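Now for the letters of each chain:
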Amino acid sequence: MDTTSIGWVGLAASLVLVAVALGLSTVFRLGLAREMLWAVARAAVQLLAVGLALGLVLDPDTPVAWAWAWVAAMCVLAAWTVQRRVPEVPGLLPLALAANVAVAVVSLGVIFGLGIFPVSARTVVPLGGMMLGNSMTATVVVARRVVAELRDRRDEVEARLALGCPWTEASRPYVRQAMRVATTTQVESTKAVGLIFLPGAMTGLVLAGVDATDAVQVQLAIMYLILGSVATSVAVMGLGLARRLFTPDHRLVPLRREA
Amino acid sequence: MDRSACQTAGVSSGDAAHSFRFEGVSLDRTGSDGGVLRVLDDVSTEWSLGGPQCVVGPSGSGKSTLLRLCNRLDVPTGGRVLFDGEDVATLDPLVLRRRVGMVFQRVTLFAGTVAANFAVARPDVTAEEGAAALRRVDLPSNLLDRPAGELSGGEGQRVCLARTLLTDPEVVLMDEVTSSLDTASRHEIEHLAHDLTHQGIGVVWVTHDLAQAQRLASSITVVRSGKVLDDDDARRYLRQATAHGTGTDHDWHHDQPGEGG
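These numbers come from a predicted model, not from an experiment. (Residues numbered from 1 in each chain as written. Chains lettered and ligands numbered in written order. Predicted model: local features only at pLDDT ≥ 70, side-chain atom pairs only at ≥ 80, totals over all residues. Heavy atoms only, no water.)

## Describing the overall build of chain A
Thought 1: Within chain A, the regular secondary structure consists of nine helices and zero strands.
Thought 2: In sequence order, chain A lays out its α and β elements as α-α-α-α-α-α-α-α-α.
Thought 3: Of all intrachain contacts in chain A linking residues separated by at least 6 positions in sequence, the fraction that spans at least 24 positions is 71%.
Thought 4: Here chain A displays about 14500 Å² of accessible surface, and carbon together with sulfur accounts for 68% of that area.
Thought 5: Of the charged side chains in chain A, 21 are positive and 16 negative, and the gap between their average positions amounts to 8 Å. (Helix = DSSP H or I, 4+ residues; strand = E, 2+ residues; numbered from the N terminus. Contact = heavy atoms within 4.5 Å. Areas by Shrake-Rupley, 256 points an atom, 1.4 Å probe, with all protein chains shown as cover. Lys, Arg positive; Asp, Glu negative; His and termini not counted. Charge placed at Lys NZ, Arg CZ, Asp CG, Glu CD.)

## Observations concerning the pattern of salt bridges
Thought 1: In total, this model carries 27 salt bridges over all chains according to the counting rule given.
Thought 2: Measuring nitrogen to oxygen at the nearest pair gives 2.6 Å for the salt bridge that ties Asp231(B) to Arg235(B). Of this pair, Asp231(B) and Arg235(B) both sit in helix α9 (residues 231–241), four residues apart, which is roughly one turn of the helix.
Thought 3: We classify Arg235(B) as partly exposed; its relative accessible area is 29%.
Thought 4: Within the structure, one salt-bridge network assembled from shared partners comprises Arg154(A), Glu158(A), Arg29(B), Arg68(B) and Asp74(B). (Salt bridge = Lys/Arg side-chain N within 4 Å of Asp/Glu carboxyl O. Buried < 20%, exposed > 50% of the residue type's maximum accessible area, 1.4 Å probe, protein only.)

## What about the domain arrangement of chain A?
All names here are of chain A.
Thought 1: What the domain assignment reports for chain A is domain 1 (1–57) and domain 2 (63–244).
Thought 2: Inter-centroid distance (C-alpha atoms) of domain 1 to domain 2 is 28 Å.
Thought 3: Counting residues at the interface gives seven residues for domain 1, matched by seven residues for domain 2.
Thought 4: Interface area for domain 1 against domain 2, summed over the two sides, is near 530 Å², with a carbon-plus-sulfur share of 76%. (Domains from an automatic or database assignment. Buried area = accessible area lost by both parts, 1.4 Å probe.)

## What about the side chain of Arg251(A)?
Thought 1: For Arg251(A), the location among the structural elements is in the segment after α9 (212–244).
Thought 2: Here Asp249(A) takes part through its side chain, which lies 3.2 Å from a polar atom of the side chain of Arg251(A). (Polar contact = N/O pair within 3.5 Å; in protein donor to acceptor, adjacent residues only side chain to side chain.)

## Considering helix α3 (residues 65–85) of chain A
All names here are of chain A.
Thought 1: Taking 1.5 Å of rise per residue, 21 residues should cover 30 Å, and α3 covers 30 Å from first to last C-alpha, within 8% of that figure.
Thought 2: Buried within α3 are the following residues: Ala67, Trp70, Val71, Cys75, Ala78, Ala79, Thr81 and Val82.
Thought 3: Buried residues belonging to α3 abut α2 (33–58), α4 (93–113), α5 (121–152) and α9. (Expected span 1.5 Å × (residues − 1).)

## Notes on the sheet that holds strand β2 (residues 36–48) of chain B
Residue and element names in this part refer to chain B.
Thought 1: Pairing is antiparallel in the open sheet, where four strands are placed in the order β2-β1-β4-β5. Two strands lie at the open edges of the sheet, namely β2 and β5 (86–87), each paired on one side alone.
Thought 2: In this structure, strand β1 (residues 19–30) lies alongside strand β4 (residues 78–83), joined through five bridges in antiparallel fashion. Bridge pairing in β4 links Phe20 to Phe83.
Thought 3: Running over the sheet, helix α2 (residues 63–70) touches β1, β2 and β4 and is turned about 115° from β1. (Pairing = 2+ DSSP bridges. Axes fitted to C-alpha atoms, helices over the stretch in contact; angles between N-to-C directions.)

## Description of the interface of chain B and chain A
Thought 1: With 24 residues of chain B at the interface, the matching set in chain A holds 16 residues.
Thought 2: The junction of chain B with chain A conceals about 1700 Å² of combined surface from both sides, 59% of it contributed by carbon and sulfur atoms.
Thought 3: It is Leu94(B), Arg97(B) and Phe110(B) in chain B that bury the most area against chain A; as a group they hold 31% of the surface buried on that side.
Thought 4: Across the contact surface, chain B and chain A share three salt bridges.
Thought 5: Note that Asp155(A) and Arg106(B) form a salt bridge whose closest N and O atoms lie 3.0 Å from each other.
Thought 6: Where the side of chain B that touches chain A is concerned, the elements lending two or more residues are α3 (93–99), α4 (114–121) and α6 (153–165) of chain B.
Thought 7: Counting residues per element, the side of chain B that touches chain A draws most heavily on α3(B), which supplies four residues.

## Describing unusual backbone geometry
Residues and elements named next belong to chain B.
Thought 1: The backbone of Arg72 sits at a positive phi, close to 65°, despite the residue not being glycine.
Thought 2: A positive phi angle, near 50°, is found at Glu176, a position not held by glycine.
Thought 3: Position of Glu176 among the secondary structure elements: in the loop between β7 (171–175) and α7 (183–198).

## Description of the packing of aromatic side chains
For any two aromatic rings, the description comes down to two numbers: the centre-to-centre distance and the angle of the planes.
Thought 1: Tallied over the entire structure, the rule returns five aromatic pairs over all chains.
Thought 2: Taking 5.7 Å as the distance between ring centres and 25° as the angle between the ring planes, the aromatic pair formed by Trp167(A) and Phe246(A) counts as stacked. Taken as a pair, Trp167(A) in helix α7 (residues 167–192) and Phe246(A) in the segment after α9 lie far apart in primary sequence, 79 residues in all. Accessibility classification places Trp167(A) together with Phe246(A) in one group, the buried group.
Thought 3: With a centroid separation of 6.4 Å and 75° between ring planes, the pair formed by Phe20(B) and Trp47(B) is classed as edge-to-face. One end of the pair, Phe20(B), is in strand β1; the other, Trp47(B), is in strand β2, and 27 residues separate them in sequence.
Thought 4: Overall, Phe20(B) belongs to the buried group, its relative accessible area being 0%.
Thought 5: The structure contains a cluster of three or more aromatic residues connected by ring pairs, namely Phe20(B), Phe22(B), Trp47(B) and Phe83(B).
Thought 6: One Lys or Arg, Arg84(A), reaches over the ring of Trp80(A) and ends 4.8 Å from the middle of that ring.
Thought 7: The ring of Phe110(B) has Arg160(A) lying over it, and the distance from NZ or CZ to the ring centre is 3.9 Å. (Phe/Tyr/Trp six-rings, centres within 6.5 Å; stacked < 30°, edge-to-face > 60°. Lys NZ or Arg CZ within 6 Å of the ring centre and 35° of its normal.)

As structure tokens, this is what we get:
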């Protein structure tokens, strides 16, 4: 298992690549040097802190409840990130949280309910991370698209409302379009996987010396987990947000362009 | 004052005529800069829809908003709107919007065929009903299977009207429906609006085209800067606006200032 540890010296050596990036930024006057240094330092501090905490959670003596608490914390953090990235809809946090909880219940329920992976801190934490990280991106996309579709097609939505359609029907084609866009990205990357890039989990397993077939099986299960998670979060956020953009008496609220 | 042809038409549906009544209606909108804009300011007026009721005024005067209050696409910040004596705020908006239909300035056809557009108004619409709806707006029934995107502006707007009529409305609100159309289509739709009032369907017609209002209306309301002008001011406004003499018979009279508010 020599390949699994690069040690502090190895990590320090990889900084040479940062120097390459900084050099290029300077040569081409991209003005990104400060930004890059900040990103590199921040990533290091964040991941080292996470690693430290993760070490405690993964310790065989630590009860698995701490792993679930970790997932819960990720749910909150991801929801908070979604809210920050969709400033055009104020107060999105509860809905984003609901989407994450739905994703966790559905995806982790299937993964552990069917016994695909054994329940342990070593499975709960990374699978929860994969699931939430990907669905968070899709949640942001669907939220922005729902707002954009309903805003840009306000004429059509109001024409439908004026025909006596309830908001659910009046918004359906536009919300559906937003949900398609948000889910398509994940479907596309599921199709392209392996041909264009080796996904992270598989790369990690292969580096760790796991047999390629085993690595592929794990990776596929994770891809399907992500697909299910993305679809779930898109549905909850898409429909939940559409509901919030209409008044109880079926009027479309004023929608502004993002700040 | 002379009595126009449309007034005569209105008389036939006499006491059964539908009415809208605005009582001290105000509407404030928050602008994109966060400032509050008073779109309508203490409007009190009444429309009795025996014949076409026109609402004229410069763009941005609040006349479209006045219309949108009638089917609750907007709700007033203050005051109330009565339809046939009932406060629209107490009516189920989904029922109200089928009783009070609306056709918009922009031709808003949905994706799909004309028949698919009709199905939004009435999901169980049959081919015969669809064809009848098209005949009602003087369009051939073979248009039913045409993609809505292929229609001309005039055809499209007439399909929008036919779509609205499929909900069996008692009143149709028309918001600048001919402003993007050519002269022939414009007259065609004016003619259709007339027919509707003959059939006992109330018509409220918003336009910035004064000549059109005077051709069409049995009654004209003038809106300026969020206020409905009273009798004398409205007369003065219309006289000034038509000072260049666009026609000979300006047979309009307009509603009395609201007696309730």
